[in-house]
Amino acid sequence: MSAPPVPAAGPMSGRRFLGEDQLFLLLSILIGVFAGLAVVCFRMSIDALRWIFFGSGLLPPRQRVVLVPGAVGLLVAFLVVRFFPRVRGSGVNQTKSALYIYDGYIPGSTIVGKFITSALAIGSGQSLGPEDPSLQIGAGLASLVGRRLKLSRQNLRLIAPVGAAAGLAAAFNTPIAAVLFVIEEVIGRWSAGVLGAVVLAAVSSVVVERWFLGAEPLFRAPGYRLESPGELLAYAVLGVAGGLAAMVFVKAIKFLRPLLKALPRWTQYLLPAIAGVLIGLIGLRFPQVMGAGYEYMDQAMHDQYTWEVLGILAGLKILATVLSFSSGTPGGLFAPTLFIGAMVGGAVGGVERLLFPHFTGPLGAYALVGMGALFAGILRAPMTSVFLVLEVSGNYAIILPVIISNALAYLISRSLQPTPIFDLLSRQDGLDLPSLEEDREVTLLRVEDAMRPPTPQVALRLEVLPPPEALEGLPGGFFLVQDRSGYWGGMSKAKLLELASDQASDADVRVQQLPHLHPDHSLDVAMRRIGDWPLLPVVHRADGNKLVGVVSLADILEAYRKRGPALHELPEPAD
Amino acid sequence: MASRLKIVQREYLLLAGLIVVIAAFFSLTTFAAHAYHRKQEQFGEGWYQRGEQALKQSRPADAVEDFRNALAYSRDNDLYRLRLAQALMADRRPQEARSYLLSLWEKQPGDGTINLELARLAAMWDDRQQAVRYYHAAIYGVWPDEPTAHRRQIRFELSEYLLRRNTIQDTKDAQAELVALVAELPPQEASGQTRLGTLLLHAGLNARALAAFRAALADQPNLMPALKGASEAAFRMGEYQTARHYLLPIVAQDPKDQSSLERLNLCELVLKLDPFARGLASREQARRALRDFQLALARAQKCAVPVTAPASQPASQTAAPQGDLSTLLAQANSRKPKLRERVLAGDPAVFEITMELTFKLEKASANCGPASLEDKALALLAQPSEAAR
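Residues numbered from 1 in each chain as written. Chains lettered and ligands numbered in written order. Predicted model: local features only at pLDDT ≥ 70, side-chain atom pairs only at ≥ 80, totals over all residues.

### Quick word on the overall build of chain B
Next, step 1: Within chain B one finds 18 helices and zero strands.
Next, step 2: Relative to the 2.2 N^0.38 estimate, which gives 21 Å for 389 residues, the radius of gyration of chain B is 36 Å and therefore markedly larger than a compact globule would have.
Next, step 3: Expressed as lengths along the three principal axes of its C-alpha atoms, the size of chain B is roughly 145 × 50 × 45 Å.
Next, step 4: Of all 389 residues assigned to chain B, the portion counted as buried reaches 39%. (Helix = DSSP H or I, 4+ residues; strand = E, 2+ residues; numbered from the N terminus. Rg over C-alpha atoms; globule rule 2.2 N^0.38 Å. Buried ≥ 20, exposed ≤ 12 C-beta atoms within 10 Å, placed from the backbone.)

This is the structure in structure tokens:
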């Protein structure tokens, strides 16, 4: 991807009628509406294409099941290779790239290309979902609007994630989960300005989506109730199963995608078609694995399959999605993740019902919790996964099992597959995007890791100054000094010698004001505060006169040096 | 100043332009969404109609697929969901049906139909607690049309379920439901009253059952099930005259109905043998008492001499407990020579003692082989009537 033209401070980045921040918030609402409309059209297009390709029944005509994904796969490949090379993949990493590499720039052609190719792919039965493309379409629209309005570089960078949140919120009808996902996975930090913009965009896009497509949650799972506290153990088992399934899924993509990418360029015209044919062959017996599969998730939640069938569907969906995604077909991973989760959850629930019929609640609850577990395991956004389940089901009573299951799936997946899928994909594409999960895990260095004890050699009290000859012998030219009020300030050696020999005036007795630190401050704060001071006092939080340590720039640097680079900061082995 | 004005104007223009673009996009989406929803409704309705057709033609498996398709186009359509659940039940997939019903119930916990279907499922699995809970929720639930009729039907269904379970508690609960039905059911509903009467009979509420059958017969005097029910209720109550009253038209309508004929004969014999019947002259009372005594004594004597019974016949049917019977027989034989119609008619105390001995003899020989019609009648007379009880 060549470097896009980045606008410098444009005419709208200087003085203006609306302040940049107010404009940014107003734009967030407009972008939310815009993205909401685009996502509504995108979803309608997918359905319309499905009706055209397969008719109105859930079970597609057998003769078309293999033919359509193959033929449409050829068309999609042609469009992607010839016209829209940037639309490959899910869209999450592309949005992150826009934020971290291209200053928020997403070309207009990517929006059009993503819309058309993803709709064709999902409508023709490729095992992919519409949410991540919606996210990218939203981000693309936001970037387009931001460029037209000549926002500052800083806001242009942030406007793409705002659009991404709007797109995702509209796709799932889940404003909270979308906001969390973008904060957790794309932006990686909370600040009032960003949060406000993201929330406004997500809410306005969801309003638009509900206006056109209805306000009901994505799934209507039957009522959940905890049959007994012991059933939480069953959900823990589901968390373990979810973590293992997530590991299998990510490892399969990790294995297959680079293999297919390494093939000669001409094969890119064929790969989506081959994936389509293979998925069609699976679809002859199990049409449920084709497309996003929301109807079948709903059926799984309503006890429509035996646990054996659910287990088979989970396995086949992993296979089909790995084929579709690795072939470079544009489309998202969210819906397949939820599908696999629903099937794994249902299967685990079915087995438990078989073994402990009186202690197992409704299967729908297991399917729902399974969705969250796989989301946490594959996409590694644990907070989002919890809220997503609550929002897609509109059922807040299920939170306890969801938390247990998601946490276990997340931990297991993390331990078995340390690199999250989006980081894996970006590294496979040769991009060094920040890993927000890994950033979360970095141990924060604090002042207490760098400070030294306040020895009499560096910290003195005005009231009990040593004699001049003793002062003379102390190393360094600057000391921390506590004045008569108890305040810790600084004083040069020369000043101290004057004081000690009673040659100083009253005005000279005053110590120099210094920024103070506390032991729990991060070293980043210490670096900002230390400026040109040779030493800073570290005082107790409850008693500002109590000196607990001293810290110098050299101490801070030594602390950083001692810690060394984190694991993920070391060069990544090539796949 | 001029440059600031220019900036403000440009800002306004750009925002206005963006709003115009969004408005245009909104209009376009509105148009597209209308077409989309129209198509969805069309597909949904088409599949729904196919499902209804399939159900009518007793093809529940096809109906399930059709309703599933319909539901895919209208996920929030509760009618489609309900019909899918009903089709699943018809296809004998109750577990799957239950799941859809529960999700419907979550949304409309007061809906009569949903509660009724859930109650039927629970009854099918004999989950009494849930069944009664859902049946009651259905009775007091919301019914879009004819709520009273629906409630009555569900009470009938609940009562039938409880009576099928056949425990003391269930029978008591069924009685409560049936008593509520007595108050709710209009008297002119002959079929309803007959059904109610039958259930009341089953629940042991004979007097109420008789009243229900009478109400049915008031509307349709020749309604055979009501006639039979009324005769049965009256018979159980010991109202043999009333029983005979209802048995007569039954036998007249269907002379081949052997059981009714036998019951009629029995009633007539009871009425003929009953020395306590109202309005009898003391002479006639004495005559009947003497005859009853002789009948009872003869059966007791036969019973006291064990006959060689077939191997298959239980011993209890061939001989009465010899201790009691022997004592009673001795008492009866000692009394027999002194008993005359004149004595019985003249001395109420002798009459009372004689009848008491007669009934004791009859009871003592109750398990003593097949009884004749007269013995059966005498045994019935020996039982205290419901009114007396």
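### Quick look at the confidence of the model for chain B
Next, step 1: Overall, the predicted model of chain B reaches an average pLDDT of 86, with 92% of residues at or above 70.
Next, step 2: Across residues 307–320 of chain B, confidence stays below pLDDT 50; counting only partners more than four residues off in sequence or on other chains, it has 17 contacts. (pLDDT = per-residue confidence, 0-100. Contact = placed C-beta atoms within 7 Å.)

### So, the domain arrangement of chain B
Residues and elements named next belong to chain B.
Next, step 1: Taken domain by domain, chain B comprises domain 1 (185–273) and domain 2 (282–305 + 317–382).
Next, step 2: For domain 1 and domain 2, the distance between their C-alpha centres works out to 30 Å.
Next, step 3: Taken together, the contacts link five residues of domain 1 with 10 residues of domain 2.
Next, step 4: Taken together, the residues of the side of domain 1 that touches domain 2 sort by class into four nonpolar, one polar and no charged. (Domains from an automatic or database assignment. Nonpolar A, V, L, I, M, F, W, Y, C, P; charged D, E, K, R; others polar.)

### Focus: helix H9 (residues 190–202) of chain B
Residues and elements named next belong to chain B.
Next, step 1: For H9, built from 13 residues, the straight-helix expectation of 18 Å at 1.5 Å per residue is met to within 8% by its first-to-last C-alpha distance of 18 Å.
Next, step 2: Within H9, 10 of the 13 residues are buried, leaving the element largely enclosed by the surrounding structure.
Next, step 3: Those residues of H9 hidden inside the fold are in contact with helix H7 (147–165), helix H8 (168–184), helix H10 (206–219) and helix H11 (224–237).
Next, step 4: Positioned one or two residues after H9, Gly-204 has a phi angle of 85°, which is positive. (Expected span 1.5 Å × (residues − 1).)

### Some thoughts on the domain arrangement of chain A
Residue and element names in this part refer to chain A.
Next, step 1: If you check the domain split of chain A, you get domain 1 (20–213), domain 2 (231–433) and domain 3 (447–562).
Next, step 2: Once you take the C-alpha centre of each, domain 1 and domain 2 turn out to be 21 Å apart.
Next, step 3: Contact with domain 1, which involves 51 residues of that partner, is made by 46 residues of domain 2.
Next, step 4: Elements with a contribution of two residues or more to the side of domain 1 that touches domain 2: helix H2 (62–82), helix H3 (92–100), helix H4 (108–123), helix H5 (131–148) and helix H7 (175–187).
Next, step 5: Here the side of domain 1 that touches domain 2 gets 13 residues from one element, more than from any other, and that element is H2.
Next, step 6: The residue makeup of the side of domain 1 that touches domain 2, split by class, is 27 nonpolar, 15 polar and nine charged.

### Thoughts on the sheet that holds strand E1 (residues 459–461) of chain A
All names here are of chain A.
Next, step 1: Read across the sheet, three strands follow the order E1-E2-E3 without closing on themselves; strand pairing throughout is mixed. Either end of the sheet is taken by a strand with one partner, and the two such strands are E1 and strand E3 (488–492). Going from strand to strand, the sheet's axes swing by 40° on average, the running direction of each strand aside.
Next, step 2: With five bridges connecting them, strand E2 (residues 478–482) and E3 associate as antiparallel partners. Residue pairing across strands places Leu-480 opposite Gly-490, the latter belonging to E3.
Next, step 3: Sitting on the sheet, helix H21 (residues 493–500) touches E2 and E3, and the angle it makes with E3 is about 90°. (Pairing = 2+ DSSP bridges. Axes fitted to C-alpha atoms, helices over the stretch in contact; angles between N-to-C directions.)

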